[in-house]
Each structure stands twice: as C-alpha cells, then as structure tokens.
Amino acid sequence: PLTLGEVRMLVELFYLPYHHGPQAQHLLEHFRWLRANSLSVGVPATATDASRDVEWRGRAQSFQLLCAETCRLHSRFVSSAGRALLYDLHPYLWDIRNMLLAASAFILWLGCQSITAPILLGGDAEPWTRRGGLFGELQALLPVGNSCDLFYHPPPLFPSSQLYVLRPVLPLDKLSLGQQLSHGPALADRLLGSFLSLSPEYTFVLEDEGGPCGYAAGALCAEGFLQQRDSNWLPAIREKYPQDLGAGAPALGQEALLFFHAEPPAVPLPVLRRFPSLVQLGTAPRVLDVGASRSLAICLLSALRASGSRGVFCQVSASDRQQLSFYSKLG
C-alpha cells in the first residue's frame, strides 16, 4: 500500500484549483526561481557569480528530487491503488508525471549550457490553451507552453507503472547510446550520428529499467547543420562504411548503407526560413506510453524555443508509416 507520505503528496499535488499543498508549492517555487536565474549558470562563472551558481545547482537538485518523487508516486499508485480509485485519479497523476519528466530534463539542460545563456521567450497565451491547477502552471513556465496540441493526450487505457528518466545526453553516451537504441553501429550512426557529432547540446535520452528506450535530437540552425552534415559528416561516414560493405550485411545494415550513400534531399529555402530548426524523435517498440514520447517532444522543443527558435520541422520518408504515425500521435 501507499505510505502516509505518498498519500500526503498525492493530496498536495491536487489540493485546490488555485491553492497548492506545500510540496506542490515547492515544485513551482523552485521551477520559477531556476528559470528566472538561469543566466547565472549559462556562461563560465566569475568569482562574483560563483555563489549564485552554487545556489542554482543546489535548488536544481532539490527540484530534481521532487520530480523523481512524483514519478515514483505515479508508479507506486498504479501498482497499489484499487482499480476504481486508479481509474478515477490516474489521468491527473499521469499528466503531472509527464509534465515533470519534461520540466526536470529542461532544468538539467539549463544547467549544462556552457556557451551562451538561453533566452527564455515569454508571450501571453489565450486562457483556453492551458488547463488549471499545478499542470497548467507548470505548462505556462515551459518556453513551449503555448503549443496546446502537445499537452492534450488521452491517458492510456491500461495504466503502466513503468518508471522513466528523461535527461540531456552526456559525453559518455555518445559511444553507446545509438547502439543501445538500434541493431548495430551502422543503424546507430544513421539514427543519431550526425546529431551527436554536430548538435549534442540539443539531444535528449529517455531511459527505463532496461536502459535507453527513446531519444529526441535537434539542431537549432538547421541550415548550418545540414551544410556541415553534407560537407563534413557524410564524407567521413561514407569512408567508414564503404558501399561494397553492404553485400553481406543484415537488411537493417544495408538500409543504413543506402542512406549514407544516397544524395540527401534538399530542404526548400522557404521551409528553412519559416522553420529554422530541425528535430528528430524516436522510441523503442517497448515504449507503449505516449506520455513518455510527449515528454521527449516537449523537452526538446522547450530547449530550442528557449534558445530563440521560431519553429521546427522534421524529415520523414513518405513510405515510413511507423514514423509518420509516431509524429501524428504527438500532435
């Protein structure tokens, strides 16, 4: 059964429409403060900034712990609540869990910035684009909070107690992440190679108990990214995987080789002007919870939006029904 502390937290997350319990209030206060003071950690710290940097990272850690506790509460609630209570309350707790997965990863991303401090874009949204309660207030604090399509999805018919972690990619991930998400090094390079090489600062990984199970990758300036990919990355990858290597390779490996040696389709200039950023997302077949995929998308789009992006596009083969369905389900 749930502990008294877990029941207390459940009540405090949904206390009153315009009044939150203490733990929910701490979540909001930390998030507001971390967002407002993110400029103090976005550039190399000076002596005067050092104390603010330490304070920011301390509060970020407290925020991460509260997010992790809420995600564990969701998992425990699914496992222990009676069926009637579970189906009554699960949609609300599922929404909060998904929102905090994205918010937690976004705060981690803010703390990883070392080149330029992000610009957090505001903008008033129409009231109908946000829901009430803690969910709506957290949504409003994310830079992509006005994109209402991302925030509405019906909960799964069969609730899952699977725990997820969403975080930015670390330098150590670059060697193993692609291979853990795919079958073989060639397919790994096709999936994530260009992003891990040219735009690692906008790459996120979703993990469950079995390891990495999803990714979201982006390029802030798609025009420059695609030029670098075609002039530097592709020639190197073609040398690594020569065309005649595909004769004895498995089908997936051959598909990747064909991709490397084909001429990449040109992106029309009007698309690049109106939607300057490129995104790519994917999850392993075992991820059946669309909420986790939605959190990936929200986190990546928040990071791009915070850095000044005005819009994004993705490239999908017209025959790739799986990816087309995946992006459509995300809204």
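Naming follows an unreviewed UniProt entry, where the protein appears as OGA GlcNAcase of Atlantisia rogersi.

(A) Looking closely at the overall build of the protein. Secondary structure assignment for the protein yields 12 helices and 5 strands. In the protein, which comprises 331 residues, the share counted as buried stands at 46%. Nonlocal contacts in the protein, meaning residues at least 24 apart in sequence, comprise 75% of its contacts between residues at least 6 apart. Surface exposure of the protein reaches about 16700 Å², of which carbon and sulfur atoms provide 59%.

(B) Inspection of the nonpolar core at higher detail. Ranked by internal contacts, the top residues of the largest apolar core, which has 64 residues, are Phe31, Phe204 and Leu281. Tallying contributions element by element places helix H4 (residues 83–112) first for this core, with 13 residues. Residue contributions to this core reach at least three from each of two domains, namely domain 1 (1–150) and domain 2 (162–330).

(C) Seen up close, the sheet that holds strand E3 (residues 211–219). Across the sheet, 5 strands lie side by side as E1-E2-E3-E4-E5; this open sheet has mixed pairing. A strand with exactly one partner marks an edge of an open sheet, and here the two such strands are strand E1 (165–168) and strand E5 (312–313). The pairing of E3 with strand E4 (residues 277–283) spans 6 bridges and is antiparallel. Of the residues in E4, the one forming a bridge with Ala216 is Leu281. Each of strand E2 (203–208), E3 and E4 is contacted by helix H7 (residues 185–198), which is oriented at about 55° to E3, the strand it contacts most. Lying over the sheet, helix H8 (residues 222–240) contacts E3, E4 and E5, oriented at roughly 70° with respect to E4.

(D) Main features of the packing of helix H2 (residues 22–36) against helix H5 (residues 133–141). It is at 11 Å that the axes of H2 and H5 come closest, and there the two elements cross at 5°. By the angle between their directions, the pair H2 and H5 is classed as roughly parallel. Counting all contacts with H2, which are made through Ala24, Leu27, Leu28, Phe31, Arg32 and Arg35, the residues of H5 involved are Leu134, Glu137, Leu138, Ala140 and Leu141.

(E) Structural detail: the pairing of E2. The buried fraction of E2 is high, at 5 of 6 residues. As judged from the 6 bridges shared by E2 and E3, these two strands associate in the antiparallel manner. Residue pairing across strands places Glu207 opposite Pro212, the latter belonging to E3. If you look at the hairpin formed by E2 and E3, you'll find 2 residues sitting between the two strands.

(F) Structural detail: the side chain of Arg97. With respect to the helices and strands, Arg97 occurs in helix H4. Its relative accessible area of 2% is what places Arg97 among the buried residues. Once you skip the residues sitting within four places of it in the chain, Arg97 turns out to touch Cys71, His74, Gln162, Tyr164, Asp289 and Ala292.

(G) The arrangement of the side chain of Asp208 in detail. Position of Asp208 among the secondary structure elements: in strand E2. Within polar-contact distance, the side chain of Asp208 engages the side chain of Arg286 at 2.8 Å. In contact with Asp208, other than residues within four places in its own chain, are Gln162, Leu163, Tyr164, Cys213 and Arg286.

(H) Fine view of the state of the cysteines. A full pass over the atoms with the stated rule returns 0 disulfides. The closest cysteine sulfur to the non-disulfide-bonded Cys67 is located on Cys71, 6.8 Å from its own sulfur. When its relative accessible area of 2% is taken as the criterion, Cys67 is described as buried.

(I) Representation of the environment of Gly21 within the structure. Within the fold, Gly21 resides in the loop between helix H1 (4–13) and H2. In this structure Gly21 comes out as buried when scored by relative accessible area, which is 1%. Counting along the chain gives 11 residues from Gly21 to Leu10, while the straight-line C-alpha distance between them is 9.5 Å. Discounting residues that sit within four places of it in the chain, Gly21 has contacts with Glu12 and Tyr15.

(J) The arrangement of the environment of Leu324 in detail. Counting through the fold element by element, Leu324 comes out in helix H12 (residues 321–329). Those residues in contact with Leu324, other than ones at most four positions away along the chain, are Val316, Ser317 and Ala318.

(K) How the structure looks around a nonpolar patch on the surface. A surface patch of nonpolar side chains, about 350 Å² in accessible area, is lined by Val7, Val11, Tyr15 and Leu16. Counting through the fold element by element, Val11 comes out in helix H1.

(L) Just the packing of H1 against H2, in detail. It is at 7 Å that the axes of H1 and H2 come closest, and there the two elements cross at 60°. With respect to H2, the element H1 is oriented oblique. Residue-level contacts link Met9, Glu12 and Leu13 of H1 to Pro22, Gln23, Ala24 and Leu27 of H2. Of the residues in the contact of H1 with H2, the class split is 5 nonpolar, 1 polar and 1 charged.

Cut-offs used in this document
Along each chain, residue indices are assigned from 1 in the same order as the chain's sequence is written. Residues qualify for local features only when their pLDDT is at least 70, as the model is predicted, and side-chain atom pairs are given and counted only at 80 or more; totals for whole chains, interfaces and linings, by contrast, use all residues. With hydrogens and water excluded, all non-hydrogen atoms of the structure serve as input to the side-chain values. The numbering of helices and of strands both runs from the N terminus, where a helix is a DSSP run of H or I of at least 4 residues and a strand a run of E of at least 2. Remark: exposure states derive from per-residue accessible area (1.4 Å probe, protein chains only) relative to the maximum for the residue type, with buried under 20%, exposed over 50%, and partly exposed in between. In this description, contact between two residues means that some pair of their heavy atoms is separated by no more than 4.5 Å. Computed with a 1.4 Å probe, the accessible areas rest on the Shrake-Rupley method; for each residue, only the protein chains presented here act as cover. Each nonpolar core is a collection of buried residues, namely Ala, Val, Leu, Ile, Met, Phe, Trp, Tyr and Cys, held together in the definition by side-chain atoms within 4.5 Å. Where a domain begins and ends is set by an automatic assignment or by a domain database. The criterion for strand pairing is that DSSP finds at least two bridges linking the strands in question. To get an axis, a line is fitted to the C-alpha atoms, and for a helix only the part in contact is used. The angle between two axes follows their N-to-C directions and goes from 0 to 180 degrees. Each angle receives one of four descriptions, namely roughly parallel if under 35 degrees, roughly antiparallel if over 145, roughly perpendicular if within 65 to 115, and oblique otherwise. In the analysis that follows, any N or O atom pair within 3.5 Å is treated as a polar contact, provided that within protein one partner can donate a hydrogen and the other can accept it, and provided that, for residues neighboring in sequence, both atoms belong to side chains. Disulfides are defined in this document as cysteine sulfur pairs within 2.5 Å. Nonpolar side chains (Val, Leu, Ile, Met, Phe, Trp, Tyr) are joined into patches within 5 Å and like charges within 9 Å, using only residues with over 30% relative accessible area and no salt bridge. For salt bridges, the criterion is a side-chain nitrogen of Lys or Arg within 4 Å of an Asp or Glu carboxyl oxygen. By the convention adopted, Pro, Cys, Tyr, Trp, Phe, Met, Ile, Leu, Val and Ala count as nonpolar, Lys, Arg, Asp and Glu as charged, and the other residues, Gly among them, as polar.

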